[in-house]
Amino acid sequence: MARFGLTFVLIVCVLVYGGAAVAQEQGIAKGGTIHGYITDTTPTQLPIVNVRVQIDNRKGHIYETESAETGEFVYRDIPAGDYLINIHRSGYQSRTGKPVSVTNGGVHYVPLTMNKRENIFTKFQNLFRSEEQQGGTLQLQVTTQSPQSVPIGNVEVKISQLSDDEGGASNKIKITGTSDANGQYRHDDLPSGRYFVTVSKDSYHTTLSMTVQENRMTTAAVKLPISNGTLPSQETDTKWVIRGKIFDTNFQQTLVSGVKVNISGRNLKYPKNALSNADGEYEFVLPPGHYSIFLFKVGYEEAIGLPEVTAASRQSSVTVIKEGMFVVYEAVAKGNVLALKHGISKKSFSEKYGRMIRSELLFAIITGIIIFFLSRYLKKRQRKNNQE
């Protein structure tokens, strides 16, 4: 009887231990993984090694790792929650404030880009750089809406470059292509300028504005409300509410007040104007249609975005990333409200003073040459007079 009792106890212990092990293996994983690649902002997208990656939970704790030679970084077993990613490396402009939400058992892909930091020598070289426009790169990633974010292949992409004519009505370049099976589309060697990009699938389409700069890459993430080939029901709204927020593309993403916001479109007889308030916000109430938004403030680069304000865009989402910035333009349509975010950057040293310095230097060089030859001529005349 005692032997039977001992055997029974051993069997129970084995079952309990095995059950606990299986439960631990099959239970819900605690924490998630953040994974991504860090590249530079040239069209070749070269990987950047030894980038310090900080994952901040905004409660006083920071998880930290570094990128490998391939630019890849991985951090596992991060508790579920909302985080901000900051990246730093000597010789590059630091980037801060990339939001990411971590879920238990989730693998969250976060690609990041960085600009090389200008020094006094590169700034001086830029002053004499040829003003002839060089090619840039435009890249799209088209997916379904979250949380699945499934890539959408064979999406038609139309690119039109606006001319510099008054009103910008005439198009200079027209390009048509399709996204690949992974929902990606890329076009290299585009002349610098502003482009209107239309993304179409089935009976759905959305339009966005993208600015391409020489030897730089501009990327847009486009999310369409397509699921299993079907589209959401479309209802016509009499009015749309456009609510915008403007922030500086500095490290802190400071909200910018006093920005002149001009909005124009075919449905408006006259353009409408507003100033961003202390929170960088502005608002317009408009009928459905195409609208161009122009942002202007002294000391900042001019910015233009084109939201597609139509009933067909009721659930669309567009995020534009330019020159290594995390977000420079974002548009999310929900119902009849279009929420916009604009990132505007301060003018660089060469943009502020480059043309003036080039003109002054050219004037000084020409003046110096004239004075040199004039002095030589006068000296020869003086010698000739002395010899006579």
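Residues numbered from 1 in each chain as written. Predicted model: local features only at pLDDT ≥ 70, side-chain atom pairs only at ≥ 80, totals over all residues. Heavy atoms only, no water.

J.: Explain the sheet that holds strand β17 (residues 260-264) to me, and be specific about the residues and the numbers.
T.: Spatially, β18-β17-β21-β22 is the arrangement adopted by the four strands of the open sheet, whose pairing is antiparallel. Edge positions in the sheet fall to β18 (272-275) and β22 (303-305), since each has one partner strand and no second. When strand polarity is set aside, the average angle formed by the axes of neighbouring strands in this sheet is 20°. Bridging between β17 and β18 involves four bridges; their strand directions are antiparallel. (Pairing = 2+ DSSP bridges. Helix = DSSP H or I, 4+ residues; strand = E, 2+ residues; numbered from the N terminus. Axes fitted to C-alpha atoms, helices over the stretch in contact; angles between N-to-C directions.)

J.: Can you tell me about the nonpolar core, naming the residues and giving the values?
T.: In a soluble, globular protein the nonpolar side chains are often hidden away together inside. Of all hydrophobic cores here, the largest spans 44 residues; its most connected members are L140, V197, V199 and L208. The dominant element in this core, judged by the number of residues it contributes, is strand β14 (residues 204-212), at four residues. Beyond its immediate stretch of four places on either side in the chain, L140 contacts V157, G183, Q184, Y185, V197, V199, M210 and A220. Counting 18 residues, the second largest nonpolar core, distinct from the first, contains I38, Y63, I85 and I87. (Core = buried A, V, L, I, M, F, W, Y, C linked by side-chain atoms within 4.5 Å. Buried < 20%, exposed > 50% of the residue type's maximum accessible area, 1.4 Å probe, protein only. Contact = heavy atoms within 4.5 Å.)

J.: Can you break down unusual backbone geometry residue by residue, with the values?
T.: The phi angle at N50 is positive, at roughly 60°, despite the residue not being glycine. Its place among the elements puts N50 in the loop between β1 (32-40) and β2 (52-56). Of the residues examined, N50 reaches a relative accessible area of 44% and is grouped as partly exposed. In the Ramachandran plot, N154 falls in the positive-phi region, its phi being about 55° despite a non-glycine side chain. Counting through the fold element by element, N154 comes out in the loop between β9 (135-144) and β10 (156-162). Under the relative-accessibility criterion, N154 is labelled exposed at 61%.

All we've got here are geometric facts, nothing functional implied.
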